[in-house]
Amino acid sequence: AIANTPFHAEKVSHVEGDYQKIYNAIAEAIRDNDEYDDYIGWGPVLVRYAWHSSGTYAQASSGCPHATGGSFGGTIRWPKELGDGANNGLQNAEWFMKKIHDKFDWISWGDLVTLGGVTAIQEMGGPKIGWRAGRKELSADNAMTSRLPDASKDADYVRHLFARMGFEDREVVSLIGAHALGSCHVYAPLLPGQKKPIPGSGYTNRWTASPNYFTNEFFKLLVDDKSWHWKEWDGPKQWENKDGLMMLPTDMALVQDPKYKKIVEMYAKDQDLFFKDFAKDFQKLLELGIEYPKETKTFYFKTLDEQNI
Ligand code: ZEM
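Residues numbered from 1 in each chain as written. Predicted model: local features only at pLDDT ≥ 70, side-chain atom pairs only at ≥ 80, totals over all residues. Heavy atoms only, no water.

## Brief notes about the sheet that holds strand β4 (residues 229–230)
Stage number 1. Read across the open sheet, the 3 strands follow the order β4-β5-β6; overall the sheet is antiparallel. The sheet is open, and its two edges are formed by β4 and β6 (246–247), each paired on a single side.
Stage number 2. Direction of pairing for β4 relative to strand β5 (residues 239–240): antiparallel, over a ladder of 2 bridges. Within the sheet, the bridge partner assigned to H229 lies in β5 and is E240. (Pairing = 2+ DSSP bridges. Helix = DSSP H or I, 4+ residues; strand = E, 2+ residues; numbered from the N terminus.)

If you want it as C-alpha cells, here you go:
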C-alpha cells in the first residue's frame, strides 16, 4: 500500500492552554522586537521557517514506496538541512525559536516551528489557522535537502514541484500569496552582536508596501500593476515595479500561466476567499505526511489582541 502519511503523531498530554502559552510567548517576542529587519519584524521569517520545514515533503511515488520529509521530525534544525542553500537566512528564525524552546522545552521542534508560522500569520492580521500537536523528533539522518523551490523557474516547474507535495493549482496560488509578507535579502538581517552578515537568497526588496500585514495585496499587484519590468542589476533576475516592489520569476509565472492567472484574479478581487483558502491550505502544508490519532483536537489560538495582552 502507498503510505503518504508515514509519520504517526503521538497522543499529546498537554491541553490547548499549554500551547496558547507558547503562542503568546512567540507573539510577545514578535511584538517586543519590532525593529528586526528594518522594522518589518520577525513575523515573515517565522512563516518562511514553518513553510520550509514542511515543504520538503514528497508523496510516495513509483520510485519510493512511502512518503518522506515534512515538518514532523523538526529536521530543519539539523545543520545538514538548515545549511541547504534554499534555507539561507533561516538561521535567524532558528535563533529566535531557540529562545522560545529554552522556556518550553517539552514541545517538539516540529510542533514549535509550525506553531511559530501559525502565530506569525495570525498576529500579522491573517486568518485563524487550525493547528494540531504531536510531532516527534527525528534524527539528523532524516534531514532533507534540495527539495525546496527554485525562484528562477516557470509555471510548469512550480506546478510539478507542488504536485510532489500533493497540492493542486488553487492551493499553490493561495500558498504563494504569503509573499504579501516579508522581503528578499542579499544578506540576512544582522542579529544582536553579530558582525559578519550571512547570505540570504540573493534576491532583494519587498513584494508589498505592508510586509508585516497579511493581505491579498500580492495578487492585486500581480493583476493591477502595469509597471513590472526586469530589474537592472547584477543580482539574480527579478521583476521590479515603479515603486521598487519586487516579484520573483516564479511569482510572475502565476500570471503568465492562464490557469494560475484565473485564480490570482479571483483572490485579487476577494480577500475573504483568499483568507479562507489560505487557512485551509497552510494547515495542510504544516501537516503533510502526518497521521493523527482520531481523538486529536484541532486548536484555534487567540491573538494577543483578543486576549487584551
Ligand atoms: Zn517564499 N521566498 N517562496 N514562500 N517566502 C522568500 C521569502 C518568503 C519562494 C522563494 O524562492 C522565496 C512560499 C513559496 C515560495 C515566504 C513564504 C512562502 C524568498 C526570499 C525567496 C527567494 C528569502 C530571503 O532572501 O530572505 C519560492 C520559489 C516559492 C514557490 C514557488 C510559500 C508557499 C510560502 C508560505 C506559505 C515568506 C513569508 C517570505 C519572507 C521571509 C522574510 O524573511 O521576509
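## Here's the deal with the site of the ligand
Stage number 1. Around the ligand sit 23 residues, and of these W51, H179, S183, H185 and S201 come closest.
Stage number 2. H179 places a side-chain nitrogen or oxygen 3.0 Å from a nitrogen atom of the ligand.
Stage number 3. Within the side chain of S201, an N or O atom sits 2.6 Å from an oxygen atom of the ligand.
Stage number 4. Element by element, the count of residues in the shell around the ligand is highest for helix α3 (residues 43–54), at 5 residues. (Near = heavy atom within 4 Å. Polar contact = N/O pair within 3.5 Å; in protein donor to acceptor, adjacent residues only side chain to side chain.)

## Describing helix α8 (residues 169–176)
For an α-helix the count is 3.6 residues per turn, leaving residues at separations of three or four pointing the same way.
Stage number 1. Most of α8 sits out of view: 7 of its 8 residues are buried.
Stage number 2. For α8, the set of buried residues is D169, E171, V172, V173, S174, L175 and I176.
Stage number 3. Summarising the contacts, the buried residues of α8 are in contact with α7 (155–163), α9 (217–224), α10 (249–256), α11 (258–269) and α12 (271–286). (Buried < 20%, exposed > 50% of the residue type's maximum accessible area, 1.4 Å probe, protein only. Contact = heavy atoms within 4.5 Å.)

## A few points about the pattern of salt bridges
Stage number 1. Counted according to the given criterion, the structure contains 15 salt bridges.
Stage number 2. Taking the shortest distance from any N to any O, the salt bridge between K98 and E94 comes out at 3.3 Å. In this pair, K98 and E94 both sit in helix α5 (residues 90–103), 4 residues apart, roughly one turn of the helix.
Stage number 3. D111 is the partner of R135 in a salt bridge, and the nearest nitrogen-oxygen pair spans 2.7 Å. Of the two residues, R135 is situated in the loop between α6 (109–123) and α7 and D111 in helix α6; the sequence distance between them amounts to 24 residues.
Stage number 4. What makes R135 buried here is its relative accessible area of 1%.
Stage number 5. Counted as one network, the salt bridges with shared partners bring together R159, D169 and D257. (Salt bridge = Lys/Arg side-chain N within 4 Å of Asp/Glu carboxyl O.)

## Some remarks on the packing of α3 against α6
Stage number 1. Here α3 crosses α6 at 135°, and the two axes come no closer than 8 Å. By the angle between their directions, the pair α3 and α6 is classed as oblique. For α3 against α6, the interelement crossing comes out left-handed. Counting all contacts with α3, which are made through G43, L46, V47, Y49, A50, S53 and S54, the residues of α6 involved are W109, V113, T114, G116, G117, A120 and I121. (Axes fitted to C-alpha atoms, helices over the stretch in contact; angles between N-to-C directions. Parallel < 35°, antiparallel > 145°, perpendicular 65-115°, else oblique. Left-handed = near helix turned anticlockwise from the far one by under 90°.)

## A look at the environment of G134
Stage number 1. Relative to the elements of secondary structure, G134 occurs in the loop between α6 and α7.
Stage number 2. Separated by 53 residues in the primary sequence, G134 and Y187 have C-alpha atoms spaced 35 Å apart.
Stage number 3. Contact partners of G134, with chain neighbours within four places excluded, come to A9, E10, V12, F72 and D111.

## Structural notes on the nonpolar core
Stage number 1. Counting residues in hydrophobic clusters, the biggest one holds 88 residues, and the most contacted among them are I26, I100 and F282.
Stage number 2. Apart from residues no more than four positions distant in its own chain, I100 is found in contact with I22, A25, I26, A29 and L112.
Stage number 3. Formed by 5 residues, the second largest nonpolar core is a distinct cluster that contains F7, F72, I290 and Y292. (Core = buried A, V, L, I, M, F, W, Y, C linked by side-chain atoms within 4.5 Å.)

## Describing the environment of D34
Stage number 1. Along the chain, D34 turns up in the loop between α1 (16–32) and α2 (36–39).
Stage number 2. Contact partners of D34, with chain neighbours within four places excluded, come to Y39, I40 and G41.

## With respect to the side chain of N87
Stage number 1. For N87, the position within the fold is in the loop between α4 (79–82) and α5.
Stage number 2. Residue N87 is classed as buried on the basis of its relative accessible area of 1%.
Stage number 3. One polar contact links N87 to H52, side chain to side chain, over a distance of 2.7 Å.
Stage number 4. Beyond its immediate stretch of four places on either side in the chain, N87 contacts R48, H52, I76, E81, L82 and L148.

These figures capture arrangement, not role.
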